[in-house]
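# Topology and contacts: notes
Letter by letter, the chains look like this.
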Amino acid sequence: MPEIRAIRRLTDAVEHADVLDKAVDIDRSVVRALARPKAVRQLLHGVPFGHPLHPLMVQVPLGVWISAAVLDLIGGRGNAKAAKTLVGVGLVSAGGATTAGYVDWAELDREQLRTGWVHQAVNWVGITLYGLSWVQRKHGNHGAGKLLGFAGLTVVGVGGYLGGHLAYRQRAGVGTSEHVPFDD
């Protein structure tokens, strides 16, 4: 599977792209400055819940955007209005998911920071496409809104792949200090 090897080489290249370090360091210092109160940082990390909030919170925007895509494929006047509403809900809910993700990201190692930085940049492109989709739908340009929505879903899919790469290959956010009950 040459395509899979190419994707793997690309994600490896992102991990080692020291050209990103200046932007990563600037963004990291901004996130740390804004998330200064320990109680806020711990809440956004998900400490009271025993696991990070970001992976849970991304389910809302992704879920509603996928639902909007299904309605767009089905078509119909009522579905167009519902799809516009779902796109809007995704935009609003993406803010909380993004905030929690930034706080988690600011605590990662260098290679994870690079991957996470690209993850957020890609997702911001997707969020922007969804914002443009919502505006087009609001003005009655449902065809353009659908196209922008499908483009946004494709882009956030790439962002999700990078998030999965962070979590599963780079093991970002995986704690090792606590006792895991099923380890015995």
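Above this text is the structure in question.
We now turn to the structure provided with this report. (Residues numbered from 1 in each chain as written. Predicted model: local features only at pLDDT ≥ 70, side-chain atom pairs only at ≥ 80, totals over all residues. Heavy atoms only, no water.)

## Focus: unusual backbone geometry
The backbone phi angle of Arg 171 is positive, close to 55°, even though this residue is not glycine. Along the polypeptide, Arg 171 turns up in the segment after helix H8 (142-169). (Helix = DSSP H or I, 4+ residues; strand = E, 2+ residues; numbered from the N terminus.)

## Remarks on the packing of aromatic side chains
Scanning the model with the defined rule gives two aromatic pairs in all. With a centroid separation of 4.1 Å and 5° between ring planes, the pair formed by Trp 65 and Tyr 130 is classed as stacked. With Trp 65 in helix H5 (residues 59-74) and Tyr 130 in helix H7 (residues 110-138), this residue pair connects regions lying 65 residues apart in the sequence. In terms of burial, Trp 65 and Tyr 130 fall into one category: buried. Pairing Tyr 102 with Trp 105 gives two aromatic rings, centres 6.5 Å apart and planes at 75°, and the pair type is edge-to-face. Placement of the pair is Tyr 102 and Trp 105 together in helix H6 (residues 77-105), with a separation of three residues, close to one helical turn. (Phe/Tyr/Trp six-rings, centres within 6.5 Å; stacked < 30°, edge-to-face > 60°. Buried < 20%, exposed > 50% of the residue type's maximum accessible area, 1.4 Å probe, protein only.)

## Thoughts on the pattern of salt bridges
A side chain of one charge can pair with a side chain of the opposite charge when the charged atoms of the two come close. Tallied over the full model, the rule gives seven salt bridges. Residues Asp 12 and Arg 169 are paired through a salt bridge, measuring 2.6 Å at the closest nitrogen-oxygen approach. Placement of the pair is Asp 12 in helix H1 (residues 2-15) and Arg 169 in helix H8, with a sequence separation of 157 residues. By relative accessible area, which is 22% here, Asp 12 ends up partly exposed. A salt bridge links Glu 107 to Arg 32; its shortest N-O distance comes to 3.7 Å. With Glu 107 in the loop between H6 and H7 and Arg 32 in helix H2 (residues 21-34), this pair connects stretches of sequence that are 75 residues apart. Among the residues examined, Glu 107 registers a relative accessible area of 43% and is labelled partly exposed. Residue Arg 32 is classed as partly exposed on the basis of its relative accessible area, which comes to 35%. Overlapping salt bridges bring together Asp 21, Asp 25, Arg 110 and Arg 114 as one network. (Salt bridge = Lys/Arg side-chain N within 4 Å of Asp/Glu carboxyl O.)

## Overview of the packing of H1 against H8
As a packed pair, H1 and H8 sit with axes 12 Å apart at the nearest point and diverge in direction by 75°. As judged from the angle between their axes, H1 and H8 are roughly perpendicular. Together, Ile 7, Arg 8, Thr 11, Asp 12 and Glu 15 of H1 and Tyr 161, Leu 162, His 165 and Arg 169 of H8 make up the contact between the two elements. Per-class residue counts for the contact of H1 with H8 are three nonpolar, two polar and four charged. (Axes fitted to C-alpha atoms, helices over the stretch in contact; angles between N-to-C directions. Parallel < 35°, antiparallel > 145°, perpendicular 65-115°, else oblique. Contact = heavy atoms within 4.5 Å. Nonpolar A, V, L, I, M, F, W, Y, C, P; charged D, E, K, R; others polar.)

## Brief notes about the packing of H2 against H6
Axis separation between H2 and H6 bottoms out at 9 Å; the angle between their running directions is 110°. With respect to H6, the axis of H2 lies roughly perpendicular. Relative to H6, H2 is oriented so that their crossing is left-handed. Within the contact between the two elements, H2 uses Val 24, Asp 27, Arg 28 and Val 31 and H6 uses Tyr 102, Val 103 and Trp 105. Looking at the contact of H2 with H6, its residues break down into five nonpolar, no polar and two charged. (Left-handed = near helix turned anticlockwise from the far one by under 90°.)

## Re the nonpolar core
Membership of the largest hydrophobic core comes to 17 residues, with the highest contact counts inside it found for Leu 20, Val 24, Trp 105, Leu 108, Trp 117 and Val 118. The element that contributes the greatest number of residues to this core is H7, accounting for five residues. When near neighbours in sequence (up to four residues on either side) are disregarded, Trp 117 contacts Leu 20, Ala 23, Val 24, Asp 27 and Trp 105. In terms of nonpolar packing, the next biggest core, distinct from the first, is built from ten residues, Trp 65, Leu 71, Ala 83 and Ala 94 among them. (Core = buried A, V, L, I, M, F, W, Y, C linked by side-chain atoms within 4.5 Å.)

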